[in-house]
Amino acid sequence: MTTVFSGILWIGIYLALVLAPLLVLLVGPVPPGSGFWWDLSMAIGFAGLAMLGVQFLLTARFQRASAPFGLDILYYFHRYMAVFALVLVFSHYLILRVVHPAALGVLSPFEAPWYMTLGRTALLCFAVVVVTSIWRKPLRIPYEAWRIEHVLLTLGGLLLAIGHVKGVNYYINTPWKRPIWIAFMLFWVLLVVYVRVIKPWRMQRKPYRVVDVIKERHRSWTIAVQPVGHAGLRFLPGQFAWLTLRASPYALKEHPFSISSSAERPNRLEFTIKDRGDFTRTVHTITPGEIAYLDGPYGAFSVDRAEAPGYVFLAGGVGIAPIMGTLRTLADRHDSRPLLLVYANNRWEDVIFREALEDLKSHLSLRIVHVLAEPPEGWVGERGFVTAAMLERLLPDNRQQLEYFLCGPKPMTQAVEHALHALGIRMGRVHTELFDMV
Ligand SMILES: Cc1cc2nc3c(=O)[nH]c(=O)nc-3n(C[C@H](O)[C@H](O)[C@H](O)COP(=O)(O)OP(=O)(O)OC[C@H]3O[C@@H](n4cnc5c(N)ncnc54)[C@H](O)[C@@H]3O)c2cc1C
């Protein structure tokens, strides 16, 4: 209930921040309107800009604001709102171009008023940001390069748009509206300063030291870190943190990883990382003694947020990481509830934490079912992919009362979600962690 209440509260705050600039504009003396299309264009221009300003809030990773939804949901919302805001800002321009072309002046930046050129350049920046974010993968833009471009162009676009509004000086030119608008703009800029300067500074003051680098199966490594001179991180089982290694926290070189160690042992945090790209490929070269920085914890993928008489975990490959953290936590808590782990891998040699999982069986009421796509000869266990028919056989009779935690490659999570749905499991009971944010 508290989560629902806090979710509603944050949605209210978001709406207030988006709508407040618009309301301020409409209250008190307004310039004489120039017809429906003119007023509509102004309203959606300001609304779009306010939404773009608040976009920073959605990805600022405020723990309290993200807790009720989960960070992945906020990122998806950020994405859709960006497209919506771009449509609004572009429509603002398009309406004027079609209905009031004289108000816009010529297109040439050398002859147009400076504030019109600022507005158009801002629009271009926002359009590039949206296009490169939606089609980053097909455009083959490396994640790090995209992130730098994303931050610079959004910030640049916002400053240019603020310059445009100020230059046009329409609707904000009464004595008391101007300071309020300046306050809004200052708020947006301070938000960026908080995310890019204050937060990294705080991370830098709370470093961690790598104490272990353990080779796991399937091109994966576990990195263990310990806090240096501070209390470390309190987290819920299944949550994740952004990890920075061999870089400053200001450098935008952080990567999200689930915590695969027990939440009851915050003095040593472990991340189990599969080699997938530029950064993860270097993880095996990390050595004990190196400094790490963490930003977290985040995420709603936690048994502590879904009370139930028992749990079913469905993992694929390195998707076992948050589930391992959860099982270790439950073992440390001497939890006696029945647990089922369905763990899908291609081959037996790929199964990360194989022995550690067996060991956990002696501390928990845990049943483990390995599912192999390419089983070795003589394999008598489950084979192929996780299907509805397989789950029908494996799930206990009280399946409707259990909570389900699912983490693996996207095709697997989608297939298992459908399978659980087909078995009549309420989707509110199925919690999914996707190892991909944008
Ligand atoms: C909530 C969450 C938890 C995760 N937990 C784990 C885990 O426990 N173990 C594990 O092995 N992997 C985990 N991942 C995936 C991991 O973050 C990516 O594999 C890693 O960041 C890839 O970086 P790269 O430079 O090696 O690969 P690249 O080839 O550069 O990237 C591969 C893909 O990973 C994503 N990615 C890359 N960099 C980042 C970044 N800085 N932030 C967000 N996404 C990025 C992008 O979609 C990119 O296309 C998790 C991801 C998320 C979102």
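Residues numbered from 1 in each chain as written. Predicted model: local features only at pLDDT ≥ 70, side-chain atom pairs only at ≥ 80, totals over all residues. Heavy atoms only, no water.

Colleague: Tell me about the site of the ligand, and name the residues and values.
Modeller: Surveying the vicinity of the ligand reveals 23 residues, the closest of which are E254, P256, K274, T280 and D436. R136 is positioned such that a nitrogen or oxygen atom in its side chain is 3.0 Å from an oxygen atom of the ligand. The separation between an oxygen atom of the ligand and a polar main-chain atom of F279 is 3.0 Å. Across the complex, the protein chains shield 93% of the 870 Å² of accessible surface that the ligand would expose by itself. Elements supplying a minimum of two residues to the shell around the ligand: β4 (255-258) and β5 (269-274). For the shell around the ligand, the leading source of residues is β4, giving four residues. When the residues that make up the shell around the ligand are grouped by side-chain class, the tally is eleven nonpolar, five polar and seven charged. (Near = heavy atom within 4 Å. Polar contact = N/O pair within 3.5 Å; in protein donor to acceptor, adjacent residues only side chain to side chain. Areas by Shrake-Rupley, 256 points an atom, 1.4 Å probe, with all protein chains shown as cover. Helix = DSSP H or I, 4+ residues; strand = E, 2+ residues; numbered from the N terminus. Nonpolar A, V, L, I, M, F, W, Y, C, P; charged D, E, K, R; others polar.)

Colleague: Tell me what's going on with empty space enclosed by the protein, and back it up with residues and numbers.
Modeller: In this structure the tally under the stated criterion is one cavity of 30 Å³ or more. Considered as a void within the structure, the largest cavity measures approximately 680 Å³ in volume. Every element with two or more residues in the lining of the largest cavity is listed here: α2 (36-58), α4 (71-99), α6 (114-134), α7 (143-168) and α8 (177-204). Considering only residue class, the lining of the largest cavity consists of 22 nonpolar, six polar and seven charged. (1 Å grid on protein atoms, 1.4 Å probe; cavity = no way out; pocket = protein on both sides within 12 Å on 5 of 7 lines; lining within 4 Å. Points joined across faces, edges and corners; volume = space filled by probe spheres on them.)

Colleague: Outline the sheet that holds strand β1 (residues 208-215), listing residues and values.
Modeller: The strand order across the open sheet formed by six strands is β4-β3-β6-β1-β2-β5, and the pairing between neighbours is antiparallel. Of all the strands in the sheet, just β4 and β5 have a single pairing partner and so form its edges. The average angle at which neighbouring strand axes cross in this sheet is 40 degrees, direction not considered. Strand direction decides the pairing type here: strand β2 (residues 220-227) and β5, joined by six bridges, are antiparallel. The residue bridging W221 from the neighbouring strand is I273, located in β5. Sheet strands in contact with α8 are β3 (240-245) and β6 (291-298), and its direction is about 120 degrees off that of β6. (Pairing = 2+ DSSP bridges. Axes fitted to C-alpha atoms, helices over the stretch in contact; angles between N-to-C directions. Contact = heavy atoms within 4.5 Å.)

Colleague: Could you give an account of the sheet that holds strand β12 (residues 430-433), naming the residues involved and the relevant values?
Modeller: The strand order across the open sheet formed by six strands is β10-β9-β8-β7-β11-β12, and the pairing between neighbours is parallel. Every interior strand has two partners, whereas the edge strands, β10 (382-383) and β12, have only one. In terms of strand pairing, strand β8 (residues 339-345) meets strand β9 (residues 366-372) through seven bridges, oriented parallel. Pairing of L340 across the sheet is with R367, part of β9. Along the sheet, helix α9 (residues 320-332) makes contact with β7 (311-316), β8, β9 and β11 (403-407), crossing β7 at roughly 145 degrees.

Colleague: An account of the side chain of T222 is requested, with residue identities and associated values reported.
Modeller: Relative to the elements of secondary structure, T222 occurs in strand β2. You can call T222 buried: its relative accessible area is 1%. Reaching out from T222, the side chain makes a polar contact with the side chain of T272 at a distance of 2.9 Å. Once residues within four sequence positions are removed from consideration, T222 is found in contact with D212, V213, I214, E216, E270, F271, T272 and F353. (Buried < 20%, exposed > 50% of the residue type's maximum accessible area, 1.4 Å probe, protein only.)

Colleague: Hey, could you go over the nonpolar core for me, with residue numbers and the actual values?
Modeller: Within the largest apolar cluster, 46 residues are counted, with the highest numbers of intra-cluster contacts made by Y14, L49, M51, L71 and W188. In contact with L49, other than residues within four places in its own chain, are V89, L158, A161, V165, W181 and W188. By size, the runner-up hydrophobic cluster in this structure holds 29 residues, among which are F301, A306, L366 and W379. (Core = buried A, V, L, I, M, F, W, Y, C linked by side-chain atoms within 4.5 Å.)

Colleague: For the packing of α6 against α7, give the residues involved together with the corresponding values.
Modeller: Interhelical geometry of α6 versus α7 gives an angle of 155 degrees and a closest axis separation of 8 Å. With respect to their mutual orientation, α6 and α7 come out roughly antiparallel. Every pair of crossing elements has a handedness; the one defined by α6 and α7 is left-handed. Here the residues of the contact of α6 with α7 are counted per class, giving 15 nonpolar, ten polar and one charged. (Parallel < 35°, antiparallel > 145°, perpendicular 65-115°, else oblique. Left-handed = near helix turned anticlockwise from the far one by under 90°.)

Colleague: Describe the environment of Q226, with residues and values.
Modeller: Within the secondary structure, Q226 is located in strand β2. Given a relative accessible area of 30%, Q226 falls into the partly exposed group. Taking the C-alpha atoms as reference points, Q226 and A300, separated by 74 residues in sequence, lie 24 Å from one another. Leave out the neighbours within four places in its chain, and Q226 touches Y208, R209, V211, N267 and R268.

Colleague: Outline the environment of R337, listing residues and values.
Modeller: Along the chain, the position of R337 falls in the loop between α9 and β8. For the pair R337 and P309, spaced 28 residues apart in sequence, the C-alpha separation works out to 6.3 Å. At a separation of 3.0 Å, a polar atom in the side chain of R337 contacts the side chain of E307. Polar side-chain contacts of R337 include one of 2.8 Å to the side chain of D335.

Colleague: Now, about unusual backbone geometry: what can you tell me, with residues and values included?
Modeller: Here G296 and P297 are connected by a cis peptide whose omega angle stands at 0 degrees. By the secondary structure assignment, P297 is in strand β6. Even without a glycine there, the phi angle at R140 is positive, about 55 degrees. Counting through the fold element by element, R140 comes out in the loop between α6 and α7.

Colleague: Account for the environment of R64, naming residues and giving values.
Modeller: Structurally, R64 is set in helix α3 (residues 63-66). On the basis of relative accessibility, which here comes to 70%, the residue R64 falls in the exposed class. Separated by 57 residues in the primary sequence, R64 and G7 have C-alpha atoms spaced 9.7 Å apart.

Colleague: So what's going on with α6? Which residues, and what values?
Modeller: For α6, spanning 21 residues, the distance from its first C-alpha to its last is 31 Å, which sits close to the expected 30 Å at 1.5 Å a residue. All of the buried residues in α6 are M116, T117, G119, R120, A122, L123, C125, F126, V129, V130, T132 and S133. Tucked inside the fold, the buried residues of α6 contact α2, α4, α5 (101-104) and α7. (Expected span 1.5 Å × (residues − 1).)

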